[in-house]
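Coordinates in review
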Amino acid sequence: MTEVVFYIFAAIAVLSAALCILQRSPMVSALWLVSTMCSLAAIYVLLNAQFIAAIQVLVYAGAIMVLFLFVIMLLNLGDAGSDLRGPSTVAATLVIAGLLSVELLALTRYTPRRLANELSQWPTFTDPATVFVAGQVTQQESAARGVVGALAAPLFQVYLIPFEITSVLLLAAIVGAVVLAKRNV
Amino acid sequence: MLLGPALALSAILFSLGVAGVLLRRNAIVLFMCIELMLNAVNLSFVALAQLHGASGHVMVFFVMTVAAAEAAVGLAIIIGIFRHKQSVDLGNINLLRG
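The notes below deal with the structure included here. (Residues numbered from 1 in each chain as written. Chains lettered and ligands numbered in written order. Predicted model: local features only at pLDDT ≥ 70, side-chain atom pairs only at ≥ 80, totals over all residues. Heavy atoms only, no water.)

**Quick word on the overall build of chain B**
If you tally the helices and strands in chain B, you get 3 helices and 0 strands. Beginning at the N terminus, the succession of helices and strands in chain B can be written as α-α-α. A compact globule built from 98 residues would reach a C-alpha radius of gyration of about 13 Å, whereas chain B, at 17 Å, exceeds it by more than 25%. For chain B, the spread of C-alpha atoms along the three principal axes comes to 50 × 25 × 20 Å. When each of the 98 residues of chain B is scored for burial, the buried share is 62%. If you take every contact in chain B between residues at least 6 apart in sequence, the share linking residues at least 24 apart comes to 56%. Carbon and sulfur atoms provide 70% of the accessible area of chain B, an area that totals close to 3,400 Å². (Helix = DSSP H or I, 4+ residues; strand = E, 2+ residues; numbered from the N terminus. Rg over C-alpha atoms; globule rule 2.2 N^0.38 Å. Buried < 20%, exposed > 50% of the residue type's maximum accessible area, 1.4 Å probe, protein only. Contact = heavy atoms within 4.5 Å. Areas by Shrake-Rupley, 256 points an atom, 1.4 Å probe, with all protein chains shown as cover.)

Structural data, given as structure tokens:
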């Protein structure tokens, strides 16, 4: 059942992403990207990341894409002509993207079990069981502490300093956006 | 578990994002393709977090923060360019050409 739902949403995500990069109007492309992000949120729920799914919808599909739509409407780009590059670039793009996807798909065949197997055949490496924790760690953690608690514990304990530095990053982004969008640049 | 299929979906989405960046000349669509690539990476983080604990989720959190900051500053730059050139076509933007 989970797998059927996963494949349905995966197909929606890939189709919407393809339509997003092929649509002529930036507005339509942005709306297809929202569709991709919402189906990715559904996939996050299937992968035991409910909190991430919620902030995917709120931050990505909500805030960031609304910002994009505001800018597209502000600049009145709704009916821009086709902006695809020439045929030679299209051919080169197909080759590059095809090679990249083949390479990445080959990498996904490297499951942790296969990697652990190959590591165990090297005598100098440690026991693979210590390298790869078996099974569904996230599911166990969220069963023990709750969905948000399982994320909050590492965020505010192990990653506290990076979390605080994030606020400096956001402040810099705010100041940068205000300065850049002012009249006399 | 769905680890392999999720990583495969992530690979396909990332390649689509790269194709979009190479194909389009509209700066805003190019930014959206970059967001698509960030989303693909987030998906692989979440898929691998099933094995390695919630650190992957924390990384997704940070990637989303960086994406929000990048979108705000990038779109401000695009608005600034539009004021100068009346266009967001990358073919017209060659201020830094030597």
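What follows picks up the thread again.
**As for the overall build of chain A**
Looking only at helices and strands, chain A features 9 helices and 0 strands. Listed by position from the N terminus, the elements making up chain A come as α-α-α-α-α-α-α-α-α. The buried share among the 185 residues of chain A stands at 32%.

**Describing the interface of chain B and chain A**
The interface is formed by 67 residues belonging to chain B together with 78 residues belonging to chain A. Both sides of the chain B and chain A interface together cover about 6,600 Å² of buried area, and 77% of this is carbon and sulfur. Inspection of the region where chain B meets chain A yields 0 salt bridges. The tally of links from chain B across to chain A stands at 8 residue pairs in polar contact (both at pLDDT 80 or more). Secondary structure elements with two or more residues in the side of chain B that touches chain A: α1 (3–23), α2 (27–52) and α3 (55–85) of chain B. Broken down by element, the residue count for the side of chain B that touches chain A peaks at 24 residues, all from α3 of chain B. (Buried area = accessible area lost by both parts, 1.4 Å probe. Salt bridge = Lys/Arg side-chain N within 4 Å of Asp/Glu carboxyl O. Polar contact = N/O pair within 3.5 Å; in protein donor to acceptor, adjacent residues only side chain to side chain.)

**Some points on the packing of helix α2 (residues 26–46) of chain A against helix α3 (residues 50–74) of chain A**
In helix packing, the relevant descriptors are the interaxial angle and the interaxial distance, both defined with respect to the helix axes. All names here are of chain A. Between α2 and α3, the least distance of the axes is 8 Å, while the angle of their chain directions is 175°. The angle between α2 and α3 places the two elements in the roughly antiparallel class. Where α2 approaches α3, its residues Pro26, Met27, Ala30, Leu31, Leu33, Val34, Met37, Cys38, Leu40, Ala41, Tyr44 and Val45 are matched on the opposing element by Gln50, Ile52, Ala53, Gln56, Val57, Tyr60, Ala61, Met65, Leu69, Ile72 and Met73. (Axes fitted to C-alpha atoms, helices over the stretch in contact; angles between N-to-C directions. Parallel < 35°, antiparallel > 145°, perpendicular 65-115°, else oblique.)

**Notes on a nonpolar patch on the surface**
Judged by side-chain polarity, Leu171, Ile174, Val175, Val178 and Val179 of chain A come together as a nonpolar surface patch covering roughly 470 Å² of accessible area. Relative to the assigned elements, Val175 of chain A resides in helix α9 (residues 160–181). (Patch = residues over 30% accessible without salt bridge, like charges linked within 9 Å, V, L, I, M, F, W, Y side chains within 5 Å.)

**Description of the packing of aromatic side chains**
This structure, assessed with the given rule, holds 4 aromatic pairs over all chains. Both rings, one in Phe61 of chain B and one in Phe62 of chain B, keep their centres 6.3 Å apart while their planes meet at 70°; by these two values the pair is edge-to-face. With respect to class, Phe61 of chain B is no different from Phe62 of chain B; both count as buried. Taken together, the ring pairs connect Phe156 and Phe163 of chain A together with Phe61 and Phe62 of chain B into an aromatic cluster. (Phe/Tyr/Trp six-rings, centres within 6.5 Å; stacked < 30°, edge-to-face > 60°.)

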